[in-house]
Amino acid sequence: MGEIFLEHIVQIELKQVTVIPPLMHEGQKRKPIIQNVSMMIHKGEWIALIGRNGSGKSTLAKVAAGYRAAGVTGKVANHFHSAGKGKPLPIVMQQPEAAMVGATPWEDVLLMLEQNELPAGIIPMEAERALQSVGMGERLHQPLGTLSGGQKQLVAIAGCIGMQTPLLVLDEVTAMLDPEASSTVLKQVRELHEKGATVIWITQKLEELLETDRLIAMDEGTVLFDGQAGAWFERSAPSAKDSLCEQHGFEAPYAAQVAWELEERGIRLTPFPFTAETLAKAVSCYGR
Amino acid sequence: MGADWKLSSVDVYAQSGAAQKQLLHEVNHTFKAGQITLLVGRNGAGKSTLLETMTGLHSIHKGSIMMGNESLWIKRGRKERLNPEVTMKLGLAMQNAQSQWFAASVLEELRYSLKPYQVSGEAAEARMERALNEAGLPPEMLTQDPWTLSGGQQRRLSLACLLACEPEWLLLDEPTAGLDAVGIQRLCAVLAAHRASGRGAVVATHDLDALLPLADAVAVVSGGTVRAAAPAAAMKHAAAAPQALRVLAELHAEAALPLLAQERSGGAPWPAPSEVAAALALALERRSAEHKLLEAEQLSVAVHKAIQAAGPNDSSRSKQMMLAEEEAANVSEMPKEAISQTSGLQSTRFDPRALILSYLVLAASIFMQQSGLGLLLAGLATVLLLIPFRAFIRPWIGILRAYAIMIMIFCVVGGIGLEPLSFDSEKAWPIVLRFGKLFLIMMLGMPLLNLMTPYRLQRAIEQTFGWLGKLGVPIHSFALIVTLIFRFIPLLTGEWERFAKLAHARGKADTPLRKVPLKNVHAVLIPYVRSILRLAEQMSDALEARGFGYKKGKPVYAFRLRFDRSDAWLLGIAGGCGLGLIIIRSLL
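Our subject in this report is the structure included herewith. (Residues numbered from 1 in each chain as written. Chains lettered and ligands numbered in written order. Predicted model: local features only at pLDDT ≥ 70, side-chain atom pairs only at ≥ 80, totals over all residues. Heavy atoms only, no water.)

1. Re the interface of chain B and chain A
Facing the 60 residues of chain B at the interface are 58 residues of chain A. Along the contact surface separating chain B from chain A lie one salt bridge. Two residues, B:R459 and A:E114, come together in a salt bridge whose shortest N-O distance is 2.6 Å. Linking chain B with chain A are five residue pairs in polar contact (both at pLDDT 80 or more). Breaking the side of chain B that touches chain A down by element, the ones donating at least two residues are α9 (243-253), α11 (273-291), α13 (317-342), α20 (454-465), α21 (475-507) and α22 (521-545) of chain B. Broken down by element, the residue count for the side of chain B that touches chain A peaks at nine residues, all from α11(B). For the side of chain B that touches chain A, the per-class residue count stands at 34 nonpolar, 12 polar and 14 charged. (Contact = heavy atoms within 4.5 Å. Salt bridge = Lys/Arg side-chain N within 4 Å of Asp/Glu carboxyl O. Polar contact = N/O pair within 3.5 Å; in protein donor to acceptor, adjacent residues only side chain to side chain. Helix = DSSP H or I, 4+ residues; strand = E, 2+ residues; numbered from the N terminus. Nonpolar A, V, L, I, M, F, W, Y, C, P; charged D, E, K, R; others polar.)

2. Brief notes about the environment of B:F478
Tracing the backbone shows B:F478 in helix α21. C-alpha separation for the pair B:F478 and B:Q458, spaced 20 residues apart in sequence, amounts to 8.7 Å.

3. Things to note about the environment of A:E13
Residue and element names in this part refer to chain A. One can find E13 in strand β1 (residues 10-19). Owing to a relative accessible area of 18%, E13 belongs among the buried residues under this scheme. Sequence separation between E13 and H248 is 235 residues, and the spatial gap between their C-alpha atoms is 27 Å. (Buried < 20%, exposed > 50% of the residue type's maximum accessible area, 1.4 Å probe, protein only.)

4. Regarding the packing of helix α14 (residues 352-367) of chain B against helix α18 (residues 425-445) of chain B
Each pair of packed helices can be described by the angle between their axes along with the distance between the axes. Residue and element names in this part refer to chain B. Between α14 and α18, the least distance of the axes is 9 Å, while the angle of their chain directions is 170°. If you check the angle between α14 and α18, you find them roughly antiparallel. Along this stretch, α14 crosses α18, giving a crossing that reads as right-handed. Facing α14, whose interface residues are Y359, L362, A363, I366 and F367, α18 presents K437, L438, L440, I441, L444 and G445. (Axes fitted to C-alpha atoms, helices over the stretch in contact; angles between N-to-C directions. Parallel < 35°, antiparallel > 145°, perpendicular 65-115°, else oblique. Left-handed = near helix turned anticlockwise from the far one by under 90°.)

5. Some words on the pattern of salt bridges
All names here are of chain B. By the definition in use, this model includes 19 salt bridges over all chains. R127 is paired through a salt bridge with E166; the nearest N and O atoms lie 3.5 Å apart. Linking R127 in helix α4 (residues 121-135) with E166 in the loop between α5 (151-164) and β9 (169-173), this pair joins segments that are 39 residues apart in sequence. Assessed through its relative accessible area of 32%, E166 is described here as partly exposed. One salt bridge in this structure joins D216 and R195, with 2.9 Å as the shortest N-O distance.

Spelled out as structure tokens, the structure:
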């Protein structure tokens, strides 16, 4: 019941949004970065946004977060209240180092909240709470230089949480991290999502997907696919190799490859599994 | 077949910083020619340091590095030098080696790499062509500016630069990071061809998914030590299990896939998806047949037993998890040590206002001194006052020494009279006094940076001069800029060091220093400035994305500095010393 209710709270609405950058010099082609994109973002969703470099996914996320970009047409409406009062929502980006200003996690989040003009009285408490929620509670005053890349990303994410952002926008935050740090960050953000956060997770790695995710795939500025992640991997016939994932040249997770091979051998698993856990479950439940 | 590469009891320490930090400890390892060796281990375990040590970018404190019968380091006179016989045989691609270009075109870039090898004319052309071809770049690209290439093309170019040198050993640091599927395939092909011609490679990587199938040997780097491991065992030491193994582990946990070991086909570290699917299909078929005879429960018990019996061969999930947890515990302990080392005096101990005020009082009282005795006493006071902060002075000792030498030279030059040749101490003395005072003031200032964080300094400025804001002085913007500048300085020096290493590795300089060789400065400067500009752009984007720089109403202070007892002590002591020195000045 509660879930159905949540589904209906629209946080952000994009209607036919197109971004055409202004001409920088003569002879340059006016190519839109994103073209005619319409979508609704609901409260509590996990949106995995995938696409190659230059496909427009970062721009789409920026527009959705309320940043002014040159050459935007269309309608962007948001229906939420954030501590930032009409300012764009904070985004966490690839380089963990780039935006760290404080000398410790505590200082960094404090500085960010001050700059965003939260009431001074609640800032220290909010900062500590936010850092605790990403599992950095024990490292409040550890010098930033001694933190790993993954921990720095968690500090940046804590800044957004401290801002009580209605929507976490994470732009390839694991791209520069080693596998262990990536999985720590992903796990923490998944936990935040379970507690109700809305998340836009931009990534190149399909193995970070879960079955319940809403997947949006972009190519050359348009939305290729928008729906349950499972449908992205579905083939029309067992050996057709025509799933959207294969058609558009994305590297499928190992589990999905195994599941496809099983289909070719006449074993069709539903729903189509593409993570290690669901593959194992589907196999052990098969035929029982 | 080339020569093996042997490291015996090698120790390496960090070159800068107050406390000498050991980076590598007792490394004994032989890298075999004709093999591809993977270096695996967590971030910060020392993989990059090991690669840099092997190529001479770090000088070693103990032990030896030998390639065949040639030593990497040779003594020439009093100084150790790199042995060109060895360095010419190896090519190192550092992490993010792409987008650090020195020249204006791809051709020039290749020539720059080839320069130390003194190949010219047609031989050089042929080499470049072959290298571009192997790396998968069209020859038309030679005239292009390397900066206009796409990210993937830049990575290929950095590989081409290595291949053009035809090194006996390829050393690659995270070569697959940011590479697309096609690029990774090509890289693997290059490595395989390199091995087929009897030469060796050492590759530091997290990407076991792509590279483990290719490896002959694996070295595990952990906490600065290195040990050999079988390729299959590498999985246990990797930061995270490759996807395939996670899938297999889950299948085992659910008792859905029995007898994995049989499916592993010749040499590959994990089965292909089709092999797993075949095994699963077989198991499912068998199960549906047995299902009619057996209760489902009994079956799962039997399968569980079968797996436990076959257990030791497989990297079982629970074991892997335990190992991961154990290492995670080790990792989390490390930073605590780092803190306890510096816990004597932390940057939050004093109010920056107290620090600056104390400094001004002391500096003024030293500056007032007019006599030798006054200078001596001021020097004594300075040394006594700096005793608690000596750890912060240590990194600056080089500068202090240089400054002291400069004073002496000025004295000599100032005191010498030519006709007749004599030394006039009357003339030299004022120079000693003046520079001596500056020397003391400089020394007192050195620990200041370590005693305050940029944020606390920003707050100190805002709390002291905040009222100027009412008069229209943009004091808050100024205070924020101060913080940002302090944040940017370490980035600048870090970037310079990276370029220095790169110039050193590609230019095959034989000095052990990690400074930019003088003849390369002009080549490094432009790419350095470009890279800094890119860094600044990245930083301003990131700051904007975090909500900095939007129009402000009233400033928000979530945290205020408070003058407490330790600040009072600090000011009291500084004031006392200052007063004492002023009294001395008036008495003498």
